[in-house]
Amino acid sequence: MRKIDRKDARLLMGGWYQTMILEHRVTAEEDGAALLHVLRRGMGLSAAAVRALKAHGGLHVDGAVQFTNYLVKAGALVTADVTRAERDGDNVPEIGPLEVLWEDEGLIAVNKPPGLIVHPSRAKNDGTLANFVAGYLQAGGQRPICHVVNRLDRDTSGVVLFAKNAHMKARATGALRTGKKRYTALVTGVLDPPDGVIDLPIRRFQAKDMRRIVAEDGKQAATRYRTVAVGALAGQVCSVLELTLETGRTHQIRVHCLEVGVPLIGDPLYRTEWSAALSADLGVGRQLLHSHYLAFRHPVSGEPVTIDAPIRDEVFWALLEKLEEKTL
């Protein structure tokens, strides 16, 4: 039994999330309120979750099934079996290469390799990271349901967090808003000063275009950076940066690095003639960007969770080693 950071709500879990039941003892202030009020305010359930629970008979007051207009009394025990309302996952379970970094009853973090799509789409519904996570869960006797909490571009590697039901996804998404995400990037050039913040607004380049640009009418975006090493590759000065996202705009790191004159090596979308030529000389056709650190407060226990993801990409590692050998 674990406390949820929301009044007196509690979470009961049984056997790797085969059941997930939220409990809430009605307070004096809630006496006479509609059950819907307790579910939404006291237990933090979304409107969609409440509708699903209502349809599947997953709402109980003192052990009896009730509807959302039922008036509760102080001291009554409200329970919501969120797994009863969870429909079967859309991801077809597949066995594939998977490095699990951290896991508990409701969340699982894995180390995504470059070149792998995070979740299925209309164009591709198999061979994705989500398919492999679903296959891993099924092989371990769990329901093959996984919801992506944070996403990475196809060619960006590192930590990806999944939730094992929709309710946990909603809570984990909220937890990540105040969490920390750090990346390692290999870029062309050197930043001056070596440590600082890039605070430049970003917007979509134009409708139906995946590219983003820095523009005055964009949304505020801030990236904190720290220069880890400076060296030479193919006769050109390059840097290793540690980047911390303070906002989460699409392609934020790649756009910011291009704008301040240090585009990522290998980036096919956000590049200059110089970075493209260097990338070609090095034989790199994808951005060398890795999400190596994710930290947040657990959405149920409130305890700190820190996840580290080592770089497994041999191309990335080989260039880092060459750079370190020639550090200026």
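Residues numbered from 1 in each chain as written. Predicted model: local features only at pLDDT ≥ 70, side-chain atom pairs only at ≥ 80, totals over all residues. Heavy atoms only, no water.

Trainee: If you had to explain the overall build of the chain to someone new, which residues and values would you point to?
Mentor: Each helix and strand counted, the chain has 7 helices and 18 strands in total. The principal-axis extent of the C-alpha atoms belonging to the chain is close to 75 × 45 × 35 Å. Looking at the chain as a whole, 46% of its 328 residues qualify as buried. When contacts within the chain are restricted to residue pairs at least 6 apart in sequence, long-range pairs at least 24 apart make up 63% of them. (Helix = DSSP H or I, 4+ residues; strand = E, 2+ residues; numbered from the N terminus. Buried < 20%, exposed > 50% of the residue type's maximum accessible area, 1.4 Å probe, protein only. Contact = heavy atoms within 4.5 Å.)

Trainee: Describe the environment of Ile145, and please don't skip the residues or the numbers.
Mentor: Counting through the fold element by element, Ile145 comes out in the loop between α3 (129–139) and β9 (147–148). Ile145 sits in the buried class, given a relative accessible area of 3%.

Trainee: I'd like a rundown of the state of the cysteines, residues and numbers included.
Mentor: Considering all chains together, one arrives at 0 disulfides under this definition. Here Cys257 is not cross-linked by a disulfide; its sulfur's nearest cysteine counterpart is in Cys238, at 13 Å. (Disulfide = S-S within 2.5 Å.)

Trainee: Would you mind going over the pattern of salt bridges in detail, with residue names and values included?
Mentor: In the structure shown here, the tally under the stated rule is 10 salt bridges. Between Asp209 and Arg211 there is a salt bridge whose closest N-O contact spans 2.7 Å. Judged by its relative accessible area of 11%, Asp209 is buried. A relative accessible area of 33% means that Arg211 is categorised as partly exposed. When the shortest N-O distance is used, the salt bridge between Arg224 and Glu246 registers 2.8 Å. Separated by 22 residues along the polypeptide, Arg224 in strand β15 (residues 222–233) and Glu246 in the loop between β16 (236–245) and α5 (252–259) bring together distant segments of the chain. Salt bridges here are not isolated pairs; linked through shared partners, they connect Asp153, Arg254 and Asp267. (Salt bridge = Lys/Arg side-chain N within 4 Å of Asp/Glu carboxyl O.)

Trainee: How would you sum up the pairing of strand β11 (residues 180–188)? Please name residues and give values.
Mentor: Relative to strand β17 (residues 289–297), β11 is paired through 6 bridges, and the arrangement is antiparallel. The partner of Thr184 across the bridge, within β17, is His290. As defined by bridge partners, β11 adjoins β16 across 7 bridges and the pair is classed as antiparallel. Considered in β16, the bridge of Arg182 is made with Thr244. (Pairing = 2+ DSSP bridges.)

Trainee: Please provide a residue-by-residue account of unusual backbone geometry, values included.
Mentor: In this structure, Pro193 follows Asp192 across a cis peptide bond, with omega equal to 10 degrees. Topologically, Pro193 is positioned in the loop between β11 and β12 (195–199).

Trainee: Give a detailed account of the nonpolar core, specifying residues and quantitative values.
Mentor: Within soluble globular proteins, side chains that are nonpolar generally end up buried alongside one another. Residues Leu39, Met43, Leu45, Val78, Leu161 and Phe296 are the most contacted members of the largest nonpolar core, which totals 34 residues. Residue contributions to this core peak at 4 residues, all from helix α4 (residues 166–177). Beyond its immediate chain neighbours, meaning those up to four positions away, Phe296 contacts Leu107, Leu161, Ala175, Leu176, Gly179, Glu303, Pro304, Val305 and Ile307. Ranked by size, the runner-up nonpolar core spans 29 residues in total, among them Val148, Leu152, Phe162 and Leu289. (Core = buried A, V, L, I, M, F, W, Y, C linked by side-chain atoms within 4.5 Å.)

Trainee: Describe in detail the packing of aromatic side chains, supporting the description with residues and values.
Mentor: Per the counting criterion, the structure on display carries 1 aromatic pair. Pairing Trp102 with Phe296 gives two aromatic rings, centres 6.4 Å apart and planes at 90 degrees, and the pair type is edge-to-face. In this pair, Trp102 sits in strand β7 (residues 100–103) while Phe296 sits in strand β17, placing the two residues 194 residues apart along the sequence. Owing to a relative accessible area of 22%, Trp102 belongs among the partly exposed residues under this scheme. One residue, Arg182, lies across the ring of Tyr293, its end atom 4.6 Å from the ring centre. (Phe/Tyr/Trp six-rings, centres within 6.5 Å; stacked < 30°, edge-to-face > 60°. Lys NZ or Arg CZ within 6 Å of the ring centre and 35° of its normal.)

Trainee: Explain the layout of surface pockets to me, and be specific about the residues and the numbers.
Mentor: Space inside the largest pocket adds up to approximately 1000 Å³. Together, 36 residues line the largest pocket, and Arg151, Leu152, Asp153, Thr250 and His251 are the ones closest to its centre. The set of elements that each furnish at least two residues to the lining of the largest pocket consists of α4, β11 and α5. Residues belonging to the lining of the largest pocket are distributed by class as follows: 13 nonpolar, 12 polar and 11 charged. The wall of the second largest pocket is formed by 32 residues, among which Glu86, Arg87, His147, Ala166 and Lys169 lie closest to the centre. A total of 5 residues in the lining of the second largest pocket trace back to one element, the largest contributor, which is α4. Among the residues making up the lining of the second largest pocket, the classes are represented as 15 nonpolar, 9 polar and 8 charged. (1 Å grid on protein atoms, 1.4 Å probe; cavity = no way out; pocket = protein on both sides within 12 Å on 5 of 7 lines; lining within 4 Å. Points joined across faces, edges and corners; volume = space filled by probe spheres on them. Nonpolar A, V, L, I, M, F, W, Y, C, P; charged D, E, K, R; others polar.)

Trainee: Before we move on, could you go through the side chain of Lys112 and cite the residues and values that matter?
Mentor: Here Lys112 shows up in strand β8 (residues 107–112). The buried charged residue Lys112 lacks any salt bridge partner; its closest oppositely charged side chain belongs to Asp155, at an N-O distance of 6.5 Å. At a separation of 3.3 Å, a polar atom in the side chain of Lys112 contacts the main-chain carbonyl oxygen of Asp153. Leaving out residues up to four positions away in the same chain, Lys112 has contacts with Val118, Leu129, Leu152, Asp153, Arg154, Asp155, Thr156, Ser157, Gly158 and Val160. (Lys, Arg positive; Asp, Glu negative; His and termini not counted. Polar contact = N/O pair within 3.5 Å; in protein donor to acceptor, adjacent residues only side chain to side chain.)

By themselves, these observations are geometric and do not establish any function.
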